[in-house]
Amino acid sequence: MNIPKVGDVDNEELERVTGDIPEPDDALFHTLDAESRMYQDHTRRALLRAMVVIVTDEPEKHARFGELVGELLTEEDFIVDAVVEVESRKSAIRQAIQTGVVGGTDLVVTIGGTGMGPRDKTPEATHKELDRKIPGIAEALRSSGLSANSLHAGLSRGIAGVSGSTVIVNIAGSREAIRDGMATLGPLVRHVISELNV
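- Where an unreviewed UniProt entry is consulted, the chain appears under the name Molybdenum cofactor biosynthesis protein, with the organism given as Corynebacterium resistens.

Put into structure tokens, the structure is as follows:
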């Protein structure tokens, strides 16, 4: 086999061949980078479905809670299917939770009814709907609430658990508890949902 020597290379032919190869356009690299980022973001932060249940006997007092929770869930890449208000009765709370579970939502968040008052019945109603409890979520919400000086969150009797493939979480009914709770809840819920869908 004859290996050409440096002096034997036809420079004109070499320039002609290499000149036919176009340089990649910068726009192509930008497009490929954008597609790569979009794919990575999509797999890391898949959109999940949520339902919000506002438990209150005073709807006018808590009128903005649903909007606030909806905004915070949207920031965590949840699609909010519905925000419903129910009276603080066990049967009404259970029916609302069941609607979310049967509808196939990934997350049902209840707001309110977690204190020590005679009308605070959300944890008891939720307990009846759970297949398994997740104490760590409820503990994390109380701990972060106390750290943020939110007594409603820190002293909440709220519970968390799973019904079928739906995560159900109780959050205390105050703006501070909602803001702090949603910030704490996002990554925890995503982890549980990913385990449920394995």
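## A closer look at the side chain of T105
Then, number 1: One can find T105 in the loop between α4 (90-102) and β3 (107-111).
Then, number 2: Of note is the side chain of T105, whose polar atom sits 2.9 Å from the backbone oxygen of G100.
Then, number 3: Not counting residues within four places of it along the chain, the set of residues in contact with T105 comprises R49, A50, M51, D81, G100, S165 and T166.

## Comments concerning empty space enclosed by the protein
If a probe as big as a water molecule is rolled over the atoms, it shows which places are left empty.
Then, number 1: One pass over the structure, following the stated rule, counts 2 cavities of 30 Å³ or more.
Then, number 2: Approximately 90 Å³ is the volume found for the largest cavity.
Then, number 3: What lines the largest cavity is simply A138, L141, R142, A153, S156, G158, N170, I171, A172, A177 and G181.
Then, number 4: Those elements that provide at least two residues to the lining of the largest cavity are α6 (135-147), β6 (166-171) and α8 (175-196).
Then, number 5: The greatest single-element share of the lining of the largest cavity, amounting to 3 residues, is contributed by α6.

## With respect to the pairing of β6
Then, number 1: In terms of burial, β6 is largely enclosed, as 6 of its 6 residues are buried.
Then, number 2: Neither face of β6 is left uncovered, since the one carrying T166, I168 and N170 and the one carrying V167, V169 and I171 both have all their residues buried.
Then, number 3: Note that β3 and β6 share 5 bridges and pair parallel. Of the residues in β6, the one forming a bridge with T110 is N170.
Then, number 4: Pairing between strand β5 (residues 160-163) and β6: 4 bridges, direction antiparallel. From the neighbouring strand, G161 faces β6, where its bridge partner is I168.
Then, number 5: What sits between the antiparallel neighbours β5 and β6 is a turn of 2 residues, in which G164 has the positive phi angle 65°.

## Structural notes on the sheet that holds β6
Then, number 1: Overall, mixed pairing links the 6 strands, which are arranged β2-β1-β3-β6-β5-β4 in an open sheet. The strands lining the two open edges of the sheet, one partner per strand, are β2 (78-86) and β4 (132-133).

## Regarding the packing of aromatic side chains
To describe a pair of aromatic rings, one takes the distance between the centres and the angle between the planes.
Then, number 1: Evaluation of the coordinates by the stated rule reveals 0 aromatic pairs.
Then, number 2: Looking at R190, its charged tip hangs above the ring of F78, at a distance of 5.4 Å from the centre.

## Regarding the packing of helix α3 (residues 65-75) against α8
Then, number 1: Relative orientation of the contacting elements α3 and α8 amounts to 15°, with a least axis distance of 10 Å. Classified by the interaxial angle, the pair formed by α3 and α8 is roughly parallel. Viewed along their axes, α3 and α8 form a crossing whose handedness is right-handed. Seen from α3, the contacting residues are F65, L68, V69, L72 and L73; seen from α8, they are R175, I178, R179 and M182.
Then, number 2: Here the residues of the contact of α3 with α8 are counted per class, giving 7 nonpolar, no polar and 2 charged.

## Observations concerning the pattern of salt bridges
Then, number 1: Evaluation of the coordinates by the stated rule reveals 6 salt bridges.
Then, number 2: E87 is the partner of R89 in a salt bridge, and the nearest nitrogen-oxygen pair spans 3.0 Å.
Then, number 3: In this structure, E129 engages R94 in a salt bridge whose closest nitrogen and oxygen atoms are separated by 2.5 Å. One end of the pair, E129, is in the loop between α5 (122-127) and β4; the other, R94, is in helix α4, with 35 residues separating them in the sequence.

## Remarks on unusual backbone geometry
Then, number 1: If you check the backbone angles, D77 has positive phi at about 65° while not being a glycine.
Then, number 2: Structurally, D77 is set in the loop between α3 and β2.

How each quantity is defined
- Here the residue index of a chain counts from 1 through its sequence in written order.
- Since the coordinates come from a predicted model, pLDDT governs what is reported: local features require at least 70, and pairs of side-chain atoms require 80 or more to be given and counted, while whole-chain, interface and lining totals use all residues.
- Working from all heavy atoms in the structure, the side-chain values ignore hydrogens and water.
- Here a strand is any run of E in DSSP of at least two residues, a helix any run of H or I of at least four, and the numbering for each starts at the N terminus.
- Identification of polar contacts relies on pairs of N or O atoms within 3.5 Å, with a donor-acceptor requirement for protein atoms, meaning one able to donate a hydrogen and the other able to accept it, and with residues adjacent in sequence counted only if both atoms are side-chain atoms.
- By definition, residues are in contact when any of their heavy atoms lie within 4.5 Å.
- A cavity, in this analysis, means grid points on a 1 Å lattice covering only the protein atoms where a 1.4 Å probe fits yet has no way out; a pocket is instead an open set bounded by protein on both sides within 12 Å along at least five of seven lines, and a residue lines either one if it has an atom within 4 Å of a point.
- Grid points are joined across faces, edges and corners, and a volume is the space filled by probe spheres set on the points.
- Here the term buried applies to any residue with accessible area under 20% of the maximum for its type, exposed to any over 50%, and partly exposed to those in between, with areas from a 1.4 Å probe on protein chains only.
- In short, DSSP must find at least two bridges between two strands for them to pair.
- Only Phe, Tyr and Trp rings take part, Trp by its six-membered ring, and two of them pair if their centres are within 6.5 Å. Stacked means planes under 30 degrees apart, edge-to-face means over 60, and tilted covers everything else.
- Distance and angle both matter: a charge sits over a ring if NZ of Lys or CZ of Arg is within 6 Å of the ring centre and within 35 degrees of the ring normal.
- Lines fitted to C-alpha atoms define the axes, with helix axes restricted to the stretch in contact, and inter-axis angles between N-to-C directions lie between 0 and 180 degrees.
- Every angle not falling under 35 degrees, over 145, or within 65 to 115 is termed oblique; those three ranges are roughly parallel, roughly antiparallel and roughly perpendicular.
- Rotating anticlockwise by less than a right angle from the far helix to the near helix defines a left-handed crossing, while the corresponding clockwise rotation defines a right-handed one.
- Here the nonpolar group is Ala, Val, Leu, Ile, Met, Phe, Trp, Tyr, Cys and Pro; Asp, Glu, Lys and Arg are the charged ones; every other residue, Gly included, is treated as polar.
- What makes a salt bridge here is a side-chain nitrogen of Lys or Arg within 4 Å of a carboxyl oxygen of Asp or Glu, nothing more.

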